[in-house]
Amino acid sequence: MSDNYPSDLLYTEDHEWARIEGNMATVGITQFAVEQLGDVTQVDLPREGESVKQGEVFGSVESVKAVSDLFAPLTGKVVKVNTPLGDSPEYVNEDPYDQGWLIQIELTVPAETAKLMQPAAYASFIRESAD
Amino acid sequence: MTEATAAAPRKTPLYDVHKRLGGKIIDFGGWALPVNYAGGILAEHAATRNAIGVFDVSHMGEFHFRGARAVEALQALVTNDVARLADGQALYTVACNPAGGIVDDLIVYRIAPNHFLTVVNAANIDKDLAWFKENTGGVCSIDNESDGTALIAYQGPKAIETLETLGAADLSRLPSFGLRCDVEIAGHATWVARTGYTGEDGVEIFCAPSDAPSLFEALVQAAAAQGGGAAGLGARDTLRLEAKLPLYGNDLSDATSPLEAGLGWVVKFDKGPFIGSQALAAQKAAGLQRRLVGFVMKDRGIARHGYPVLASENGQPAGVVGEVTSGGVGPTVGKNVGMAYVPSPLASQNTQLFVDCRGKTVPAEVVTGPFYRRSR
């Protein structure tokens, strides 16, 4: 089990991460999520311009094993989608924090970031759920 | 306290080996087994198609039928014709209930004229044993030796030649569905059957539980030298799905008949009566209402067990006609595939269907025959 949770990200209990830059957030799923899912074979994402709401489903990720919902870490408008994942969903496995990012959101409720976990909190959350 | 708690999953003799090899252990129907190892399902699937996959299938059940009337007992229990077997031969069959529903699918091996081995699904061990005993009236002994038997599947185009280098002489001469009870592999006494559940050439190896860890590791090591390795339940499922081999509990059940499931070839009406023969004969005479079909997805979408299947009218989704029994990715065929029971008129090649993938209707097309067939 990898302990790979970058310090510049915020995390959800559903194992999404968000990288905040000004009023923009880039969103993906964590190393832990990737290890649980196994080989990702399809990613279904919203289109640019659609709105997502914190805690609500914004898409899904299919692995060989199962399908899992994606939950938005923050509320806002989708301004960018990682379209190469359409042809190369394996980026999510290989590089979940960089090439495997999912969507970029323009935040409409920036204060929501307070509800997300810091890296240390997420790491202990993972350890607790493993027990 | 009478509160029910889920029992801890049972371990096969290879549990510690799986942990050591980096297996990701899950509870699979009450058994602690690896869904995959470090490389992941797709890598293990490819390794099995291209070289060798080594699978722990020790959870499967082994019953020994012994006695002068063992043939008679089995002939009543299963649909295929056990009397056709010679020593060292096996056949695939189902056992039916009186209504023609499938109690289990299994392989029957003839060890000797008065001794047969059946290998049944792990989840059905208790049910099958009770059913078999109840319906044979004690004419022969039926011994559940599942706990005393480990089973390792060695599957893939390089499996046979690699086993020969491990001491299993002349294995290439063992015919499909043949069994040899005198094979020494890496110093261990084994029984080897030319059977499997992957769509590849290969064998299943029976051994004593105490021999299983060292045998498994020797088999994995030899496989690794050929580009193969240990493979888990995940790859086992994608491999069998591509080969369109049915899975009991998904594609077969007490409520589906072998005729509907496309297993008419294991139903031998001419051998004499067996449990379910009247119901199956009547079903055949009346014509089948529904059939198990394979389908490929024509657009983005992965069919999963339980998803509704819809008819197509003028290219548009119409009413629900069935549900997906097995579905997923077909890594080697490069398509998402599945199986479903549909009304017989919708079971022919190229019939257009739709699968409701969590609210999104995705077009699919019926494909008869396996999705994947190995080159010989």
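Look up: the structure comes first, before these words.
Read on for an overview of the structure. Because the structure is predicted, anything quoted here is derived from the model rather than measured. Along every chain, residues carry numbers that run from 1 in the direction the sequence is written. Whichever chain is written first becomes A and whichever ligand is written first becomes 1, with later ones labelled in order. It should be noted that, the model being predicted, local features are given only for residues of pLDDT at least 70 and side-chain atom pairs only at 80 or more, the latter also being counted only at that level, while totals for whole chains, interfaces and linings use all residues.

1. A short note on the overall build of chain A
Broken down by element type, chain A carries 3 helices and 9 strands. Where helices and strands are cited, they refer to DSSP runs of H or I of at least four residues and of E of at least two residues respectively, numbered from the N terminus. The linear arrangement of helices and strands in chain A, starting from the amino end, is β-β-β-α-β-β-β-β-β-α-β-α. Principal-axis analysis of the C-alpha atoms places the extent of chain A at approximately 35 × 35 × 20 Å. Three exposure classes are used, based on other C-beta atoms lying within 10 Å of a residue's own C-beta, which is placed from the backbone: buried for 20 or more, exposed for 12 or fewer, and partly exposed in between. Expressed as a percentage of its 131 residues, the buried residues of chain A come to 40%. Residue pairs qualify as contacts under a 7 Å threshold applied to their C-beta atoms, which are placed from the backbone. Across chain A, contacts joining residues at least 24 apart in sequence account for 63% of those joining residues at least 6 apart.

2. Points about the overall build of chain B
The number of helices and strands found in chain B is 8 helices and 20 strands. Principal-axis analysis of the C-alpha atoms places the extent of chain B at approximately 65 × 60 × 50 Å. For chain B, with 376 residues in total, the buried portion stands at 48%. Partitioning the contacts of chain B with sequence separation of at least 6, the portion at a separation of at least 24 is 67%.

3. Some remarks on the interface of chain B and chain A
With 12 residues of chain B in contact, the opposing surface of chain A contributes 8 residues. When residues of the side of chain B that touches chain A are traced back to their parent elements, those giving at least two are strand S3 (31–36), helix H2 (41–50), helix H7 (233–242) and strand S17 (316–330) of chain B. Lys, Arg, Asp and Glu make up the charged group, whereas Ala, Val, Leu, Ile, Met, Phe, Trp, Tyr, Cys and Pro make up the nonpolar group; the residues left over, Gly among them, are polar. Partitioning the side of chain B that touches chain A into residue classes produces 5 nonpolar, 5 polar and 2 charged.

4. As for the packing of H2 of chain B against H7 of chain B
Residue and element names in this part refer to chain B. Interaxial distance between H2 and H7 falls to 8 Å at its minimum, and their mutual angle equals 55°. Looking at the two axes, H2 sits oblique to H7. For the pair H2 and H7, the sense of crossing is right-handed. The segment H2 lies against H7, with Ile41, Glu44, His45 and Thr48 engaging Gly234, Ala235, Thr238 and Leu239. Note on geometry: axes are C-alpha line fits, over the in-contact stretch for helices, and angles between N-to-C directions span 0 to 180 degrees. For this classification, under 35 degrees means roughly parallel, over 145 means roughly antiparallel, 65 to 115 means roughly perpendicular, and everything else is oblique. The sense of a crossing depends on the near helix, which, turned anticlockwise from the far helix by less than a right angle, makes the crossing left-handed and, turned clockwise, makes it right-handed.

5. So, the sheet that holds strand S6 (residues 89–96) of chain B
Residue and element names in this part refer to chain B. Two strands qualify as a pair provided DSSP detects at least 2 bridges between them. Strand order in the open sheet made by the 5 strands is S6-S7-S8-S5-S9, with antiparallel pairing throughout. Two strands in the sheet have a free side with no partner beyond their single neighbour: S6 and strand S9 (141–144). If you compare each strand with its neighbour and ignore which way they point, the axes differ by 25° on average. Bridging between strand S5 (residues 61–66) and S9 involves 4 bridges; their strand directions are antiparallel.

6. A closer look at the environment of Phe371 of chain B
Residues and elements named next belong to chain B. Structurally, Phe371 can be placed in the segment after strand S20 (360–367). We classify Phe371 as buried; it has 21 C-beta atoms within 10 Å. Phe371 sits 182 residues away from Ala189 along the chain, and the two C-alpha atoms are 36 Å apart. With residues up to four places along the chain from it excluded, the contact list for Phe371 reads Glu242, Lys244, Gly294, Gly330, Val333 and Val337.

7. A short note on the nonpolar core
One nonpolar core equals one set of buried Ala, Val, Leu, Ile, Met, Phe, Trp, Tyr and Cys residues connected by C-beta atoms within 7 Å. Residues Val54, Leu74, Ile152, Tyr154, Phe216, Leu219 and Val355 of chain B are the most contacted members of the largest nonpolar core, which totals 104 residues. Examining the composition of this core, we find that 7 residues originate from one element, helix H6 (residues 212–224) of chain B, more than from any other. Excluding residues within four positions of it along the chain, Phe216 of chain B makes contact with Leu14, Val17, Val54, Asp56 and Ile152 of chain B. One finds Ala33, Leu45, Phe58 and Val92 of chain A within the second-largest nonpolar core, a separate group that totals 33 residues.

8. Topic: H6 of chain B
All names here are of chain B. With 13 residues, H6 extends 18 Å between its outermost C-alpha atoms, agreeing within 8% with the 18 Å of an ideal straight helix rising 1.5 Å per residue. Turning to H6, its buried residues are Ala212, Leu215, Phe216, Leu219, Val220, Ala222 and Ala223. All buried residues of H6 fall inside an arc of 165° around its axis, so they share one side. To estimate how far a helix should extend, the number of its residues minus one is multiplied by 1.5 Å. Taking the helix axis as origin, the arc is that swept by the directions to the C-beta atoms.

9. Some points on the pairing of strand S18 (residues 335–343) of chain B
Residues and elements named next belong to chain B. With respect to burial, S18 is a largely interior element, 7 of its 9 residues being buried. Both strand S15 (residues 290–297) and S18 contribute to a ladder of 7 bridges, which runs antiparallel. Each bridged residue has a counterpart across the sheet, and for Leu292 the counterpart in S18 is Tyr341. Here S17 runs beside S18; their pairing, made up of 6 bridges, is antiparallel. Bridge pairing in S18 links Ser326 to Met339. Connecting S17 to the antiparallel partner S18 that follows it, the hairpin turn spans 4 residues, and Gly334 within it adopts a positive phi of roughly 70°.

10. Things to note about unusual backbone geometry
Residue and element names in this part refer to chain B. One non-glycine residue, Asp170, lies in positive phi territory at about 60°. Here Asp170 is to be found in the loop between helix H5 (159–165) and strand S11 (179–185). In this model, Arg358 sits at a positive phi of 50°, which is unusual for a non-glycine residue.

11. Looking at the sheet that holds strand S2 (residues 24–28) of chain B
Residue and element names in this part refer to chain B. Read across the sheet, 3 strands follow the order S1-S3-S2 without closing on themselves; strand pairing throughout is mixed. Looking at strand neighbours, the two that pair on one side only are strand S1 (10–11) and S2, the edges of this open sheet. In terms of strand pairing, S1 meets S3 through 2 bridges, oriented parallel. When the sheet's bridge partners are listed, Arg10 is paired in S3 with Trp31.

12. Considerations on the pairing of S5 of chain B
In terms of strand pairing, S5 of chain B meets strand S8 (residues 115–120) of chain B through 6 bridges, oriented antiparallel. Across the sheet, residue Gly61 of chain B finds its bridge partner in S8 of chain B, namely Val120 of chain B.

13. Some points on the environment of Gly22 of chain A
Within the secondary structure layout, Gly22 of chain A lies in the loop between strand S2 (16–21) and strand S3 (24–29). Each C-alpha atom of the pair Gly22 of chain A and Val64 of chain A lies 36 Å from the other, and the pair is 42 residues apart in sequence.

14. A few points about H7 of chain B
Residues and elements named next belong to chain B. Buried residues dominate H7, accounting for 9 of its 10 residues. Listed as buried for H7 are Leu233, Gly234, Ala235, Arg236, Asp237, Thr238, Leu239, Leu241 and Glu242. As for H7, its buried residues are in contact with S2, S3, H2, strand S4 (53–56), S17 and S18.

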